[in-house]
Amino acid sequence: MSCTHDHNCEDHECSSDWSLYKHIDLSKVTALNESVSGSAKSVFKAWEQRLHSSGEHLESNEGDPELLVFVPFTSDVKIKSISIVGGPEGTSPSKLRVFINREGIDFSDVESMQAVQEWELAENLQGVLEYQTRYSKFQSVGNITLHFPESFGGDTTQIRYIGFKGEATQLKRDVVATIVYEIRPNPSDHKTKAETGGGFSQVE
């Protein structure tokens, strides 16, 4: 299902307030079959910048339009929709398959795995389409893998922008509070009432 912008984005969930861009761990974004190493990072940007390009984009190797993009988040997120802005002249991706919380998968893996959701994509050169997720399946997403099997007939697949809309938890995945439980307390760590001479137990 796609969303065409016949509403005021500032009042709708399309606004930048719902963008998950700031929760993407860009340093760990990777892609398989990208023609320029590290170029996948360039397609993740603020919602307002989705059509702005300095020439950088993600492109598959010549003659092989398949791409696999791994996107980790800095906190667990809930994804409501995904937006893809592709390239011109048949190089936009024509299909998207998504896998959640699966690290280190490759092309052979995704061929045999059941995707969480799949979409037939349209050529979205103006960034006016969003693809709604089955929201109940996109809760507690720590990372997402995007599989683009083919383009609209081009020799390569080009992607200029990938955006996610939704909500993020407040808890950072790498700053999780650790609670230590004492299974066997060390007697030296606990002063009794008799030892302290006071009316309270003291825990140092």
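Placed above this text is the structure.
Position labels on residues start from 1 in each chain and follow its written sequence. Given that this is a predicted model, residues contribute local features only at a pLDDT of at least 70 and side-chain atom pairs are listed and counted only at 80 or more, while totals for whole chains, interfaces and linings are drawn from all residues. Hydrogens and waters are ignored; side-chain quantities use all the structure's heavy atoms.

A. Region of the structure containing the packing of aromatic side chains. Geometry of aromatic contacts follows a simple scheme: Phe, Tyr and Trp rings, the Trp one being its six-membered ring, pair when their centres are within 6.5 Å, and the pair is stacked under 30 degrees between planes, edge-to-face over 60, tilted otherwise. Per the counting criterion, the structure on display carries four aromatic pairs. Ring plane angle 15° and centroid distance 6.3 Å describe the contact between Phe44 and Phe164, whose orientation is recorded as stacked. In this pair, Phe44 sits in the loop between strand 1 (30-32) and strand 2 (58-59) while Phe164 sits in strand 8 (residues 158-172), placing the two residues 120 residues apart along the sequence. As far as burial versus exposure is concerned, Phe44 and Phe164 are alike and both buried. Runs of E in the DSSP output that reach at least two residues are strands. Runs of H or I that reach at least four are helices, and both are numbered from the N terminus. Relative accessibility under 20% of the residue-type maximum defines a buried residue, over 50% an exposed one, and the middle range a partly exposed one, all with a 1.4 Å probe and only protein chains included.

B. A look at the environment of Leu32. Residue position: Leu32 is located in strand 1. The sequence separation of Leu32 and Leu68 amounts to 36 residues, and the corresponding C-alpha distance is 5.1 Å. In this view, Leu32 contacts Glu66, Leu67, Leu68, Ile105, Asp106 and Phe107; residues no more than four positions away in its chain are not counted. Note on contacts: a residue pair qualifies if any of its non-hydrogen atoms lie within 4.5 Å across the two residues.

C. Layout of the pattern of salt bridges. For this document, the term salt bridge refers to a Lys or Arg side-chain nitrogen within 4 Å of an Asp or Glu carboxyl oxygen. Overall, the coordinates contain four salt bridges when judged by the stated rule. The closest approach of N and O atoms between Asp25 and Lys28, which form a salt bridge, is 3.8 Å. Residue classification places Asp25 among the buried positions, given a relative accessible area of 17%. For the salt bridge of Glu118 with Arg97, the shortest nitrogen-to-oxygen distance reads 3.2 Å. Pair noted here: Glu118 is in strand 5 (residues 117-120) and Arg97 is in strand 4 (residues 95-100), with a separation of 21 residues, a long-range link.

D. Spatial organisation of the nonpolar core. Put simply, a nonpolar core is a bunch of buried Ala, Val, Leu, Ile, Met, Phe, Trp, Tyr and Cys residues held in one set by side-chain atoms that sit within 4.5 Å of each other. Grouped together as the largest cluster of nonpolar side chains are 31 residues, with contacts concentrated most on Ile79, Ile144, Phe148 and Phe164. Elements with a contribution of two residues or more to this core: strand 3 (67-86), strand 4, strand 7 (141-148) and strand 8. Apart from residues lying up to four places away in sequence, Phe164 is in contact with Trp18, Ser19, Leu20, Ile24, Phe44, Val71, Phe73, Ile79, Ser81, Ile82, Ile144 and Leu146. If you look at the next biggest cluster of nonpolar residues, it comprises six residues, including Leu68, Ile105, Met113 and Ala115.

E. Spatial organisation of the side chain of Ser60. In this fold, Ser60 is placed in the loop between strand 2 and strand 3. According to the relative accessible area criterion, Ser60 is buried, its value standing at 2%. A distance of 2.9 Å separates a polar atom in the side chain of Ser60 from the backbone nitrogen of Thr157. With residues up to four places along the chain from it excluded, the contact list for Ser60 reads Asn33, Ser35, Pro65, Glu66, Leu67, Thr156 and Thr157. Residues adjacent in sequence count toward polar contacts only when both atoms are side-chain atoms; beyond that, a polar contact is any pair of N or O atoms within 3.5 Å, and within protein one must be able to donate a hydrogen and the other to accept it.

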